[in-house]
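# Structure at a glance
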Amino acid sequence: MLRVLAVDDEKPLLEELLYLLGSDPRVLSAEGASDATQALRRITRALETGPEGPDGIDVVFLDIHMAGLTGLDIARLLAGFAQPPLIVFVTAHEGFAVQAFDLKAVDYVLKPVRPERLAEAVRRACAQLGRTAAAQPPGPAGPPAAPAAPAGPGVPAQRRPAPEVTIADRSADQIAVELGGVTRFVAIADIAYVEAQGDYARLHTDEGSHLVRIPLSTLEERWAARGFVRIHRRHLVALGRIDELRLDAGTTSVRVGSAELQVSRRHSRQLRDLLMRQATG
């Protein structure tokens, strides 16, 4: 069972987040803080008593854009402690995902928050903490928890079952991506190349790019049969989307649409062989 702190300087959003967290059967207590100062005061108390103490906090659900210190600032401060609580960022902005990963965030949830997406973040936190609650099915339905008062003491919440839903590929030909709480399905055939961004991957299409929480190595294995090849530790490319192969002063690069991507030495020969086979049919 998790003890959580939700931090958001917009009261309606904080109350909604507390409501959803309190409705999850894996959450023992849900507290709120409406700014960075309140949050740090409460987290400091938790750190002083230790993770097993009466004031302990297991997970902080943290907004990024707040007055004063940002959520990223708070996470950087916590990173200096031996046993800090886990961090889940909850934000309307997609662009901070890489920084969040660098700060060892458990998850990155986009607003508006969907119950099933928040349930997945709770599952990941349980799994990282090794809590048996991660595998327990939701219990009987009960009345939802009332929103906790900001920065108030932790109180076990009444809860109702929340579904555990992991967004996965809808079919073998598509992959699900999230933006601003909306799930879209992108055809794999539309993806020209993939760029590694920590434990995330950015999918590049002719229409734009999409960030997914899947390591590049996983996509490399999953899409090898679809003609995707690794050309660099940071890039996976659809072989059929390569427009040019360039050799210049001992370096190799490829042009994929308007993007020019470097090919590492270890992948250079294999790529040339594959392109030659493709050209000779």
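Okay, the sheet that holds strand E5 (residues 107-110) next. Strands pair in a sheet through their backbones, by hydrogen bonds, and they do so in one of two ways: parallel or antiparallel. Taken in spatial order, the 5 strands make up an open sheet running E2-E1-E3-E4-E5, and their pairing is parallel. Either end of the sheet is taken by a strand with one partner, and the two such strands are strand E2 (27-33) and E5. Pairs of neighbouring strands in the sheet enclose a mean axial angle of 20 degrees, with direction left out of account. As paired strands, strand E1 (residues 2-7) and E2 are joined by 6 bridges and run parallel to one another.

Each aromatic ring pair is summarised here by two numbers: the centre-to-centre distance and the angle between the ring planes. Per the counting criterion, the structure on display carries 2 aromatic pairs. Residues Phe101 and Tyr200 carry aromatic rings whose centres are separated by 6.5 Å and whose planes lie at 85 degrees to one another, so their mutual orientation is edge-to-face. Here Phe101, found in helix H4 (residues 97-102), pairs with Tyr200, found in strand E9 (residues 200-205); they are 99 residues apart in sequence, far enough to count as distant. For Tyr200, a relative accessible area of 6% puts it in the buried group. Centre to centre, the rings of Trp223 and Phe228 are 5.0 Å apart; their planes meet at 45 degrees, and the pair counts as tilted. Residue classification places Phe228 among the buried residues on the basis of a relative accessible area of 6%.

Our next topic: the pairing of strand E10 (residues 209-212). For E9 and E10, the ladder comprises 4 bridges, and the chain directions are antiparallel. Residue pairing in the sheet places Arg202 in a bridge with Leu211 of E10.

Time to look at the pattern of salt bridges. In this structure the tally under the stated criterion is 20 salt bridges. The partner of Asp73 in a salt bridge is Arg76, with the nearest N and O atoms 3.2 Å apart. With Asp73 and Arg76 both in helix H3 (residues 71-78), this residue pair falls 3 residues apart, about one helical turn. For Asp73, a relative accessible area of 25% gives the class partly exposed. Arg246 serves as the salt-bridge partner of Glu260, at 3.0 Å between the closest nitrogen and oxygen. In this pair, Glu260 sits in strand E15 (residues 259-263) while Arg246 sits in strand E13 (residues 244-248), placing the two residues 14 residues apart along the sequence. The class for Glu260 is partly exposed, based on a relative accessible area of 46%. The exposure class of Arg246 is partly exposed, given its relative accessible area of 32%. Shared partners join several salt bridges into a network, and the residues in it are Asp107, Arg117, Glu120, Arg123 and Arg124.

Rules behind the numbers
- Residues numbered from 1 in each chain as written.
- Predicted model: local features only at pLDDT ≥ 70, side-chain atom pairs only at ≥ 80, totals over all residues.
- Heavy atoms only, no water.
- Pairing = 2+ DSSP bridges.
- Helix = DSSP H or I, 4+ residues; strand = E, 2+ residues; numbered from the N terminus.
- Axes fitted to C-alpha atoms, helices over the stretch in contact; angles between N-to-C directions.
- Phe/Tyr/Trp six-rings, centres within 6.5 Å; stacked < 30°, edge-to-face > 60°.
- Buried < 20%, exposed > 50% of the residue type's maximum accessible area, 1.4 Å probe, protein only.
- Salt bridge = Lys/Arg side-chain N within 4 Å of Asp/Glu carboxyl O.

These values are about where atoms sit, not about what they do.
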